[in-house]
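# Survey of secondary and tertiary structure
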Amino acid sequence: MVLALTVCGIVVALVVVGLFVFGLRRRLIQRSGGTFDASLRWDAPAEGDTNGKGWAYGVARYNGDRVEWYRVFSYSPRPRRTLERSAIEVAGRRVPEGEEELALLSEHVILACLHRGTRLELAMSEDALTGFLAWLEAAPPGQRVNVA
């Protein structure tokens, strides 16, 4: 009986510590500001495929001429993906359809992009989308930016 209670106590303590570390990591990512919630689908399928597979929920952060994307459910202090402003080409935007509506947060808009030849999709709120497009268009003089 004592062993079972000890094991249960250790499991509960590990879960609490794990949740605390998730919260602390997110707080450290957001500390410098310029963050927004964004789901990402890397190597996105062709247009018209709305099966909802491949989406990962995350937090994106502006860092100079890059957007760093962090998975929410990860302990890594490093971004999972880094998108360079000069390499992003916006292909279009759309609203989630079909199973995507279940895979993404409500009120999110999907932005289809190309980054160094890789098709990707970012899902974010309308406000975050406005800021993201403004950030893309605010590239320093001489940089090529393709916004549809």
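Residues numbered from 1 in each chain as written. Predicted model: local features only at pLDDT ≥ 70, side-chain atom pairs only at ≥ 80, totals over all residues. Heavy atoms only, no water.

The name an unreviewed UniProt entry assigns to the chain is DUF2550 domain-containing protein, from the organism Streptomyces massasporeus.

### Comments concerning the overall build of the chain
Applicable threshold: Strands are runs of DSSP state E lasting at least two residues, helices are runs of H or I lasting at least four, and both sets are numbered from the N terminus onward. Think of it in three bands: with a 1.4 Å probe and only protein chains considered, a residue is buried below 20% of the maximum accessible area for its type, exposed above 50%, and partly exposed in between.
If you tally the helices and strands in the chain, you get three helices and seven strands. Listing each helix as α and each strand as β along the chain from the N terminus yields α-β-β-β-β-β-α-β-β-α. Seen through its principal axes, the chain has C-alpha atoms that stretch 70 × 35 × 25 Å. Residues classed as buried in the chain amount to 34% of the 148 residues present.

### As for the pairing of strand S3 (residues 66-71)
The side chains of a regular strand alternate between both faces of the sheet. Threshold: Whether two strands pair comes down to DSSP finding at least two bridges between them.
Of the strand pairs in this sheet, strand S2 (residues 56-63) and S3 are connected by six bridges, and their pairing is antiparallel. Within S3, the position partnered with Asn 63 by the bridge is Arg 66. Where S2 hands over to S3, the hairpin turn is made up of two residues, of which Gly 64 adopts a positive phi near 65 degrees. Two strands pair when backbone bridges link them, and S3 and strand S4 (residues 81-84) are joined in this way by four bridges, in the antiparallel orientation. Across the sheet, the residue bridging to Glu 68 is Thr 82, located in S4.

### A few points about the UniProt feature "transmembrane region" (unreviewed entry) in the chain
Put simply, the rule reads: UniProt positions are given in the numbering used here, feature names are shortened, and annotations may be inferred rather than shown by experiment.
Using the residue numbers shown here, the UniProt feature "transmembrane region" (unreviewed entry) corresponds to residues 6-24. In residues 6-24, helix accounts for 100% and strand for 0%; the two terminal C-alpha atoms are 27 Å from one another.

### Considering unusual backbone geometry
A negative phi holds for most residues other than glycine; trans holds for most peptide bonds. The residue Asp 43 is not glycine, and still its phi comes out positive at about 50 degrees. One non-glycine residue with positive phi stands out, namely Arg 116, at about 55 degrees. Tracing the backbone shows Arg 116 in the loop between strand S6 (108-115) and strand S7 (118-125).

### Considerations on helix H3 (residues 126-137)
This is how it is decided: What a helix is expected to span follows from its residue count: subtract one and scale by 1.5 Å. Arc definition: directions from the helix axis to the C-beta atoms.
The terminal C-alpha atoms of H3 lie 17 Å apart, and with 12 residues this matches the ideal 16 Å at 1.5 Å per residue to within 8%. By the burial criterion, the buried members of H3 are Ala 128, Leu 129, Phe 132, Leu 133, Trp 135 and Leu 136. For H3, the buried positions fall inside an angular range of 155 degrees around the axis, keeping them on one side. Turned more than 90 degrees away from the buried face of H3, the exposed residues are Asp 127, Thr 130 and Glu 137.

### Topic: the nonpolar core
In plain terms, the rule: Nonpolar core, defined: a set of buried Ala, Val, Leu, Ile, Met, Phe, Trp, Tyr and Cys residues in which side-chain atoms within 4.5 Å join the residues together.
Among the nonpolar cores identified, the biggest contains 22 residues, and Phe 36, Ile 88, Leu 111, Leu 122, Met 124, Phe 132 and Leu 136 are the most heavily contacted of them. Counting residues per element, the ones that place at least two in this core are strand S1 (35-42), S2, S3, strand S5 (88-94), S6, S7 and H3. Take this core: its biggest share by element is six residues, from H3.

### Looking at the side chain of His 108
Put simply, the rule is: A contact between two residues is defined here by any heavy atoms of the two lying within 4.5 Å.
On the secondary structure map, His 108 appears in strand S6. Among all residues touching His 108, those that are not within four sequence positions of it are Asp 37, Pro 96, Ala 123, Met 124 and Ser 125.

### Regarding helix H1 (residues 2-30)
Structural remark: α-helix, 3.6 residues per turn; residues separated by three or four positions point the same way. Spanning 29 residues, H1 covers 42 Å between terminal C-alpha atoms, matching the ideal 42 Å at 1.5 Å per step. Turning to H1, its buried residues are Gly 18, Arg 25 and Ile 29. In this structure, the buried residues of H1 make contact with S1, S2 and S3.

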